[in-house]
Amino acid sequence: MTTLGLIGYGAIARDIVSAFPPDAVDWLVLLREGASPELPANVRQVTSVERLIEAKPRAVAEAAGQGAVAAYIPTLLEAGIPAVVASVGALADASLHARIAAAGRIGGARLILPAGALGGLDYLRAIAVLPDARVRYTSRKPPPAWKAELAALGLSVGRDAVTLFEGTPAEAASIYPRNLNAAFAVALAVGAENVTVRVIADPEATGNSHEIEAESTAGTAFFSMVNAPSPGNPKTSALTALSLVAALRDLLDIGPPETRGHR
């Protein structure tokens with residue numbers, strides 16, 4: 001069996017585990033002391049990054065938030081263990097980004113940043129070299145996904161959409177550390193200085209919507225993705241876990257599951 005690691009065991013991690021045959025992967029999940037979620041038979045719990053490293057997993061997937069990236073990813077990379085990071089917004093911290101890059105060089109291990117809930121990042125990387133490139137990323141979700149944020153701002157949503165935020169990717173990553181990793185994925189692709197981020201609570205939204213508008217001398221582009229929310233967390237797109245699974249399969253050189261009934 002292949003040994004893989006997880007950091008955190010929320011909705012994304014559960015979806016990752018369920019995407020692999022239970023007899024193919026031995027999972028080790030890093031959790032804080034005292035946490036006791038119900039774990040499948042092929043998932044074992046550890047409470048220190050040292051124990052995780054001792055098990056020599058072929059890779060570790062982070063699905064626990066930006067704090068976990070800072071706490072564990074440099075140590076794992078320095079130990080030579082590749083890491084797939086869901087909370088890419090953590091890299092808005094320039095000092096952490098530099099520390100992670102240095103750890104990867106020391107350990108010779110890769111940091112993988114999957115596309116998560118997005119598409120079109122290859123286009124943004126292509127236009128990043130153009131001085132006039134400008135991009136606006138908009139996160140549009142139904143009001144229940146932003147219930148706490150609306151309450152904190154003293155806002156309510158009637159029939160019209162409400163803009164909760166407009167600003168830079170770094171500000172978005174700081175204010176919404178668990179919900180706007182996609183915004184910083186855009187920033188990493190095209191350059192944070194070229195990106196404006198909007199957050200909208202929209203009563204007409206049917207899912208978690210991501211809109212990317214790009215302008216440059218190369219042309220204009222508009223990408224719109226409406227993702228079904230994760231059953232375990234309405235603020236997270238179900239596609240996020242699928243993207244991490246695809247990144248792990250690529251890293252391990254494992255093909256996708258056989259599709260039955262299709263040619």
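Everything quoted here is computed from the prediction, not taken from an experiment.

A look at the environment of alanine 11
Looking at the secondary structure, you find alanine 11 in helix 1 (residues 11-18). Judged by relative accessible area, which is 15%, alanine 11 ranks as buried. Alanine 11 sits 172 residues away from alanine 183 along the chain, and the two C-alpha atoms are 20 Å apart. Excluding residues within four positions of it along the chain, alanine 11 makes contact with Ser230, Gly232 and Asn233.

Re the side chain of glutamine 66
The residue glutamine 66 is located in helix 3 (residues 66-78) in this model. The exposure class assigned to glutamine 66 is buried, which follows from its relative accessible area of 19%. Once residues within four sequence positions are removed from consideration, glutamine 66 is found in contact with Ser87, Gly89, Ala90, Ala173, Pro177 and Asn181.

A word on helix 3
Relative to the 18 Å expected for 13 residues at 1.5 Å per residue, helix 3 spans 19 Å between its end C-alpha atoms, a close match to the ideal helical length. Where helix 3 bends most, at tyrosine 72, the angle is about 40°, and the proline proline 74 comes one to four residues later. Three or more residues of helix 3 are buried, namely Gln66, Ala68, Val69, Ile73, Pro74, Leu76 and Leu77. Trailing helix 3 by a residue or two, glycine 80 shows a phi angle of about 85°, which is positive.

Section: the sheet that holds strand 6 (residues 111-112)
Whenever strands of a sheet pair, they do so through backbone hydrogen bonds, lying parallel or antiparallel. Reading across the sheet, the six strands line up as 3-2-1-4-5-6 and stay open at both edges, with parallel pairing between neighbours. This sheet does not close on itself; its edge strands, each paired only once, are strand 3 (43-46) and strand 6. Bridge count between strand 2 (residues 25-30) and strand 3: four bridges; the pairing is parallel. Looking at strand 3, one finds that valine 29 is bridged to glutamine 45.

Describing the environment of arginine 134
Mapped onto the fold, arginine 134 is located in strand 7 (residues 134-141). Each C-alpha atom of the pair arginine 134 and leucine 124 lies 9.7 Å from the other, and the pair is 10 residues apart in sequence. The residues contacting arginine 134, other than those within four sequence positions of it, are Asn194, Glu213, Ala214 and Glu215. A distance of 3.3 Å separates polar atoms of two side chains, one belonging to arginine 134 and the other to asparagine 194.

Focus on the confidence of the model for the protein
Of the residues in the protein, 96% have a pLDDT of 70 or more, and the chain-wide mean is 89. Per-element confidence in the protein is highest for strand 4 (residues 60-62), whose mean pLDDT is 97, and lowest for strand 13 (residues 233-237), whose mean pLDDT is 72. Long-range and interchain partners of residues 259-263, a stretch whose pLDDT sits below 50, account for zero contacts in this model, where long-range means more than four residues apart.

Things to note about helix 8 (residues 181-190)
Within helix 8, nine of the 10 residues are buried, which leaves it mostly tucked inside the rest of the structure. The set of residues buried in helix 8 consists of Asn181, Ala182, Ala183, Phe184, Ala185, Val186, Ala187, Ala189 and Val190. Close packing links the buried residues of helix 8 with helix 3, helix 5 (121-127), strand 7, helix 7 (169-175), strand 9 (195-201) and strand 10 (208-216).

A few points about the sheet that holds strand 9
Taken together, the five strands give an open sheet; going across it, the order is 8-9-7-10-11, and neighbouring strands pair in mixed fashion. Sheet topology places strand 8 (162-167) and strand 11 (219-227) at the edges, where each strand pairs with a single neighbour. Ignoring strand direction, the axes of neighbouring strands in this sheet form an average angle of 15°. In terms of strand pairing, strand 7 meets strand 10 through seven bridges, oriented antiparallel. Counterpart to arginine 134 in the pairing with strand 10 is glutamate 215.

What to know about the nonpolar core
Counting 53 residues, the largest nonpolar core has Ile73, Leu118, Leu124, Tyr137 and Val186 as the members making the most contacts within it. Ranked by the residues each element gives to this core, the list is headed by helix 8, at eight residues. For leucine 118, the residues in contact, after removing those within four places along its chain, are Tyr137, Ala182, Ala185, Val186, His210, Ile212 and Met225. Counting 26 residues, the second largest nonpolar core, distinct from the first, contains Trp27, Val29, Ile112 and Leu244.

Brief notes about the pattern of salt bridges
Evaluated as defined, the whole model comprises five salt bridges. A salt bridge links glutamate 211 to arginine 140; the shortest N-O distance between them is 3.0 Å. Of this pair, glutamate 211 sits in strand 10 while arginine 140 sits in strand 7, and the two are 71 residues apart along the sequence. The exposure classification of glutamate 211 matches that of arginine 140, with both residues buried. Overlapping salt bridges, with partners in common, bring together Arg140, Asp202 and Glu211 in one network.

Cut-off values and rules
- Residues numbered from 1 in each chain as written.
- Predicted model: local features only at pLDDT ≥ 70, side-chain atom pairs only at ≥ 80, totals over all residues.
- Heavy atoms only, no water.
- Helix = DSSP H or I, 4+ residues; strand = E, 2+ residues; numbered from the N terminus.
- Buried < 20%, exposed > 50% of the residue type's maximum accessible area, 1.4 Å probe, protein only.
- Contact = heavy atoms within 4.5 Å.
- Expected span 1.5 Å × (residues − 1).
- Bend = angle between axes of the 7 residues up to and from the residue.
- Pairing = 2+ DSSP bridges.
- Polar contact = N/O pair within 3.5 Å; in protein donor to acceptor, adjacent residues only side chain to side chain.
- pLDDT = per-residue confidence, 0-100.
- Axes fitted to C-alpha atoms, helices over the stretch in contact; angles between N-to-C directions.
- Core = buried A, V, L, I, M, F, W, Y, C linked by side-chain atoms within 4.5 Å.
- Salt bridge = Lys/Arg side-chain N within 4 Å of Asp/Glu carboxyl O.

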